[in-house]
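Each chain, letter by letter, is given below.
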Amino acid sequence: MTVEKTDVAKMPESISFDEAASIPLPPNFLPQHPFDNGEMVIRDEQLLKWPRPEADVKEMLSEYYRYVSFLDVQVGRILDAVDASPYAANTIVVYAADSGVARGSHGLIGKQNLYEHSVRVPLIIAGPGVKAGQVRDELVSMVDIMPTIARLAGAKMPVNTAHYSGMDLTPLLRGEQVAWRQYLFTEENFHTPELWTPVRAVTDGRWKLIDHLARGDVPEQIQLFDLVKDPGEQVNLVNRPMRRADRERLLAELMQWRVRTADPLLDPAVFRQWDQI
């Protein structure tokens with residue numbers, strides 16, 4: 001299968017400053033993040049000054065949309081090439097992403113966070129054995145891709161999967177109604193000689209808890225959001241008395257997951273070692 005070089009689309013032109021000014025800011029835009037998450041001066045966060053100037057964020061968004069438009073054309077070229085090849089009827093297509101950049105949401109620019117705008121990534125699967133046109137609401141993760149592709153391709157999973165939490169998505173892809181996971185977990189461990197920001201999160205689809213673990217002299221910071229009423233994660237409910245049961249339930253589930261997956265930071269010696277690097 002080949003993709004002709006002559007079909008390469010050109011990157012769309014940058015839009016004018018006046019056009020960028022008309023781009024709406026994210027609904028959860030903030031000029032400043034509400035607290036120091038330990039990653040305020042790394043990578044993408046250094047691209048704009050604090051507080052974030054609205055005009056600069058809009059210009060950055062315009063460039064981001066330009067890249068997305070270019071990517072969309074390239075994905076189309078690949079799919080056209082697959083359709084025109086002898087392998088069209090026997091090809092599984094998976095479209096996914098690793099994480100999303102904030103570009104002004106919560107006052108952040110990059111992807112070093114566990115908010116929905118950075119961890120809720122696309123996952124589209126098409127091909128033989130996949131029911132076309134369906135949208136599923138189950139909690140799924142990128143770790144589910146490996147067992148799913150292995151099953152669809154008739155391959156075996158690696159033997160050592162004791163701590164692997166990925167689930168086979170093929171029942172969902174076939175359109176079946178099956179018992180599924182009730183909680184989904186994410187983690188982040190950004191680490192440099194200057195910074196260490198261990199973060200863990202859990203959601204049941206509605207309630208989401210983000211646990212910024214204590215580090216050095218910085219105390220633990222916990223956030224709790226109602227993703228149904230507050231999809232932009234703008235109102236932290238962690239200290240609301242009515243939400244105490246949800247907080248404790250999610251913290252307990254998160255701890256069980258950390259134990260189940262052998263989170264090395266549960267070992268005090270490892271934690272101290274990382275905290276001192």
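Residues numbered from 1 in each chain as written. Predicted model: local features only at pLDDT ≥ 70, side-chain atom pairs only at ≥ 80, totals over all residues. Heavy atoms only, no water.

**With respect to the overall build of the protein**
Moving on, step 1. Along the backbone of the protein there are seven helices and six strands.
Moving on, step 2. Put simply, the protein runs from its N terminus to its C terminus through helices and strands in the order α-α-β-α-β-α-α-β-β-β-β-α-α.
Moving on, step 3. Structurally, the protein occupies a C-alpha span of about 60 × 55 × 40 Å along its principal axes.
Moving on, step 4. Residue pairs in contact within the protein that sit at least 24 positions apart in sequence constitute 58% of those at least 6 positions apart.
Moving on, step 5. When the accessible surface of the protein is totalled, it reaches about 16,400 Å², and 55% of it is carbon and sulfur.
Moving on, step 6. For the protein, the separation between the mean place of its 30 positive charges and that of its 39 negative charges on side chains is 4 Å. (Helix = DSSP H or I, 4+ residues; strand = E, 2+ residues; numbered from the N terminus. Contact = heavy atoms within 4.5 Å. Areas by Shrake-Rupley, 256 points an atom, 1.4 Å probe, with all protein chains shown as cover. Lys, Arg positive; Asp, Glu negative; His and termini not counted. Charge placed at Lys NZ, Arg CZ, Asp CG, Glu CD.)

**Structural notes on the confidence of the model for the protein**
In low-pLDDT regions, the fine details of the predicted coordinates are not to be read closely.
Moving on, step 1. Chain-level pLDDT for the protein is 90 on average; 90% of the residues reach the 70-or-more range.
Moving on, step 2. Ignoring residues within four places in sequence, the model shows residues 1-7, a span with pLDDT below 50, making eight contacts including any to other chains. (pLDDT = per-residue confidence, 0-100.)

**A few points about the nonpolar core**
Moving on, step 1. Counting twelve residues, the largest nonpolar core consists of Y183, F185, V202, W207, L209, I222, L224, L237, V238, L250, L254 and W257.
Moving on, step 2. At three residues, the largest contribution of residues to this core is made by helix α6 (residues 244-260).
Moving on, step 3. Every residue in contact with L254, bar those within four places of it in the chain, is listed here: F185, R200, A201, V202, L209 and D211.
Moving on, step 4. Grouped together as the second largest cluster of nonpolar side chains are ten residues, L108, A201, I210 and L227 included. (Core = buried A, V, L, I, M, F, W, Y, C linked by side-chain atoms within 4.5 Å. Buried < 20%, exposed > 50% of the residue type's maximum accessible area, 1.4 Å probe, protein only.)

**Concerning the packing of aromatic side chains**
Moving on, step 1. For the coordinates displayed, the defined rule picks out three aromatic pairs.
Moving on, step 2. On the basis of an interplanar angle of 0 degrees and a centroid distance of 4.9 Å, the ring pair of F185 and W257 is categorised as stacked. One end of the pair, F185, is in strand β3 (residues 184-191); the other, W257, is in helix α6, with 72 residues separating them in the sequence. Of the two residues, F185 and W257, neither departs from the other in class, the shared state being buried.
Moving on, step 3. Above the ring of W50, the side-chain terminus of R52 is found at 3.4 Å from the ring centroid. (Phe/Tyr/Trp six-rings, centres within 6.5 Å; stacked < 30°, edge-to-face > 60°. Lys NZ or Arg CZ within 6 Å of the ring centre and 35° of its normal.)

**A word on the side chain of T148**
Moving on, step 1. You can see T148 is positioned in helix α4 (residues 145-153).
Moving on, step 2. The exposure class of T148 is buried, given its relative accessible area of 0%.
Moving on, step 3. From its side chain, T148 meets the backbone oxygen of D144 in a polar contact 2.6 Å long.
Moving on, step 4. There is a polar contact of 2.8 Å between the side chain of T148 and the backbone nitrogen of L169.
Moving on, step 5. Contacts of T148, omitting those with residues within four sequence positions, involve M167, D168, L169, T170 and L173. (Polar contact = N/O pair within 3.5 Å; in protein donor to acceptor, adjacent residues only side chain to side chain.)

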